[in-house]
Amino acid sequence: MLTICGSSLTVPCLMIFFLFPNLLCLSFIYLFSRGTRIKTRKRNIAAPLDPAAFADAVVQIYLDNVGDLELIAKNIESSDLNFSRYGDTFFEVVFTGGRTQPGTIKPDEGERHAYSIIVCEAKREAILPSVIYIQKILRRRPFLIKNLENVMQRLLQSLELFEENERKKLAIFTALAFSQKLSGLPPETVFQPLVKDNLVAKGLVLSFITDFFKEYLLDNSLEDLISILKRGKMEDNLLDFFPSAKRSAEGFSEHFTKAGLVPLVEYNEKKIFEVKLKEMKSALTAQIAEDSDISETIESVKQRVKEAKLPDIEVVRILWDVIMDAVQWSGKNQQQNANSALRQVKTWAKLLNSFCTSGKLELELMYKVQMQCYEDAKLMKLFPEIVRSLYDQDVLAEDTILHWFSKGINPKGRQTFVKALEPFVNWLEEAEEEED
């Protein structure tokens, strides 16, 4: 016998329904029309959220094991605590010793322990065990990395609520977390929350980031630090950590030099230098492309060189690069390429002459021409003609050419270029003898 919707069906009835399935549908319609109720299973009712009880349980594990992080990790791993629901609460207990009130770092009601990161000494040997402990927890429960991010963001956004010594502990922990490659902790989790106007203005961010840099560079190279800054999208925005009154290249150099971070200062100066070079190259490229008046172009370059304090050698290199980049090359037609290159040299010779003001700078220009002709196949055979053109336009002096010919130090393509330039050098020497 089978019961459907409270009505009992015998075997003969079942056979009729099997032979005439439409009758089964009509029967259900009839039963529903009589108001017969269909019983459903009760759903599981979710237990109410109780982060306080969870926090107390974690604190008790700390207390029972007297702060021994290895034993605590084992007890945490074997517990039935609901970490997927209370992950944020767990890391609050790890960092501060217990729950914190929403939006603050003030202790909330409940048990607390004295083995947290904030309570320990502001030394790497005291904080490193906590980093390793968290690493063990994350290996077993990798989903907790998001909760770690959440809690770290909240703590870093609340730097002003911590004492100076506590901020240093957070900086040391953060540096060690990256040194130990803490289970994929993304750098933007750390750096982005720091760039808050009120924290930056008070100098709290600069102090934190300085402690972070110093601690991280104890175990890692500057290249490793730059890699983290790139991933955190802060490599080009390091001045954002400085209060507005100190936000300058000079302020950067002064601060980090005093902090003993000279390699970082040198890196930043190099980066600023490269940006200035790029800006000048871009502006000069536009002027040459527009065929601007050469006198105006010279004055513009001089002004940029003065403002950016660019070395003369770098300026000469940029001038040659930009002039040659503007040449309209014509595929494999060597004669047309030669004519175009030489025409460009002649057109902008006055610009080169304005900055090749010494034998040293003229020699640097020759090395630049040598390297470009060596690296660019279509220019390989043009080296002697370019040198001759630069000589004719009074950019290169005879002494410079003879010095390069006899004592040049750049080996790339030198043997080929010396041989190609030999007829011109012989002509120079003969002309000199005739003058004598």
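Given the structure is predicted, the values throughout are model-derived calculations rather than measurements.

Analysis parameters
- Residues numbered from 1 in each chain as written.
- Predicted model: local features only at pLDDT ≥ 70, side-chain atom pairs only at ≥ 80, totals over all residues.
- Heavy atoms only, no water.
- Helix = DSSP H or I, 4+ residues; strand = E, 2+ residues; numbered from the N terminus.
- Buried < 20%, exposed > 50% of the residue type's maximum accessible area, 1.4 Å probe, protein only.
- Contact = heavy atoms within 4.5 Å.
- Areas by Shrake-Rupley, 256 points an atom, 1.4 Å probe, with all protein chains shown as cover.
- Phe/Tyr/Trp six-rings, centres within 6.5 Å; stacked < 30°, edge-to-face > 60°.
- Lys NZ or Arg CZ within 6 Å of the ring centre and 35° of its normal.
- pLDDT = per-residue confidence, 0-100.
- Arc of directions from axis to C-beta.
- Axes fitted to C-alpha atoms, helices over the stretch in contact; angles between N-to-C directions.
- Parallel < 35°, antiparallel > 145°, perpendicular 65-115°, else oblique.
- Left-handed = near helix turned anticlockwise from the far one by under 90°.
- Nonpolar A, V, L, I, M, F, W, Y, C, P; charged D, E, K, R; others polar.
- Polar contact = N/O pair within 3.5 Å; in protein donor to acceptor, adjacent residues only side chain to side chain.
- Salt bridge = Lys/Arg side-chain N within 4 Å of Asp/Glu carboxyl O.

## Some remarks on the overall build of the chain
1) Next: Helix and strand counts for the chain stand at 22 helices and two strands.
2) Next: Relative to its 436 residues, the chain shows a buried fraction of 44%.
3) Next: Look at the contacts in the chain between residues 6 or more apart in sequence, and 68% of them connect residues 24 or more apart.
4) Next: Element-wise, carbon and sulfur atoms account for 51% of the exposed surface of the chain, whose accessible area totals about 24600 Å².

## Here we look at the packing of aromatic side chains
Each aromatic ring pair is summarised here by two numbers: the centre-to-centre distance and the angle between the ring planes.
1) Next: One pass over the full model with this rule turns up 19 aromatic pairs.
2) Next: An angle of 15 degrees between the planes, with centres 6.0 Å apart, marks the rings of F424 and W427 as stacked. Of the two residues, F424 and W427 both sit in helix α22 (residues 414-435), three residues apart, roughly one turn of that helix.
3) Next: Of the residues examined, F424 reaches a relative accessible area of 7% and is grouped as buried.
4) Next: Connected via pairs of aromatic rings, a cluster forms that spans F178, F191, F212, F213, Y216, F241, F242, F252 and F256.
5) Next: Over the ring of W427 we find R388, and its NZ or CZ is 4.7 Å from the ring centre.
6) Next: The ring of W404 has R414 sitting right over it, with the charged end atom 5.1 Å from the ring centre.

## What about helix α20 (residues 383-392)?
1) Next: Among all positions in α20, only F383, P384, I386, V387, S389 and L390 are buried.
2) Next: D394, located one to two residues past α20, shows a positive phi value of around 65 degrees.

## Comments concerning the environment of S340
1) Next: Mapped onto the elements, S340 comes out in helix α17 (residues 334-347).
2) Next: Spatially, the C-alpha atom of S340 lies 7.1 Å from that of W329, the residues being eleven residues apart in sequence.

## Quick look at the confidence of the model for the chain
Fine structural detail should not be taken from predicted coordinates in areas where pLDDT scores are low.
1) Next: Looking at the chain, pLDDT values average 86 and 86% of them are 70 or higher.
2) Next: Of all secondary-structure elements in the chain, the lowest mean pLDDT belongs to helix α2 (residues 21-33), at 46, while helix α11 (residues 204-216) reaches the highest, 96.
3) Next: Per-residue pLDDT stays below 50 along residues 28-48; that stretch engages in eleven contacts with residues further than four places along the chain or on separate chains.

## Quick word on helix α4 (residues 69-78)
1) Next: Taken together, the buried positions of α4 are L69, I72, A73 and I76. Taken down its axis, α4 places every buried residue within 100 degrees of arc, on the same side. Structural note: α4 exposes E70, K74 and S78 on the side pointing more than 90 degrees away from its buried face.
2) Next: The elements touched by buried residues of α4 are α3 (51-64), α5 (83-96) and α6 (124-140).

## Some words on the packing of α11 against helix α12 (residues 222-231)
1) Next: Across the interface, α11 lies against α12 with an axial gap of 10 Å and an inter-helix angle of 135 degrees. One way to sum up the angle between α11 and α12 is to call them oblique. Two packed elements cross with a definite hand, and for α11 against α12 that hand is right-handed. Of α12, the residues touching α11 (which contributes F212, F213 and Y216) are D224, L225, I228 and L229.
2) Next: Considering only residue class, the contact of α11 with α12 consists of six nonpolar, no polar and one charged.

## Remarks on the environment of T285
1) Next: Turning to its location among the elements, T285 is positioned in helix α14 (residues 262-289).
2) Next: Placed 34 residues apart in sequence, T285 and L319 show a C-alpha to C-alpha distance of 9.2 Å.
3) Next: In terms of polar contacts, T285 uses its side chain to reach the backbone carbonyl oxygen of K281, at 2.7 Å.

## Focus on the pattern of salt bridges
Proximity of charged atoms lets side chains of opposite charge pair with each other.
1) Next: Applying the stated criterion to the full structure yields 16 salt bridges.
2) Next: Measuring nitrogen to oxygen at the nearest pair gives 3.4 Å for the salt bridge that ties D88 to R154. Residue D88 is found in helix α5, and its partner R154 is found in helix α7 (residues 145-157); the two are separated by 66 residues along the sequence.
3) Next: Given a relative accessible area of 21%, D88 falls into the partly exposed group.
4) Next: Overall, R154 belongs to the partly exposed group, its relative accessible area being 35%.
5) Next: For the salt bridge of K146 with E149, the shortest nitrogen-to-oxygen distance reads 3.7 Å. Highlighted residues: K146 and E149, both in helix α7, separated by three residues, approximately one helical turn.
6) Next: You can call K146 partly exposed: its relative accessible area is 48%.

## Things to note about the side chain of H113
1) Next: Along the chain, the position of H113 falls in the loop between α5 and α6.
2) Next: A polar atom in the side chain of H113 sits 3.0 Å from the backbone nitrogen of Y115.
3) Next: Setting aside residues up to four positions removed in sequence, H113 forms contacts with V59, Y62, L63, V93 and G97.

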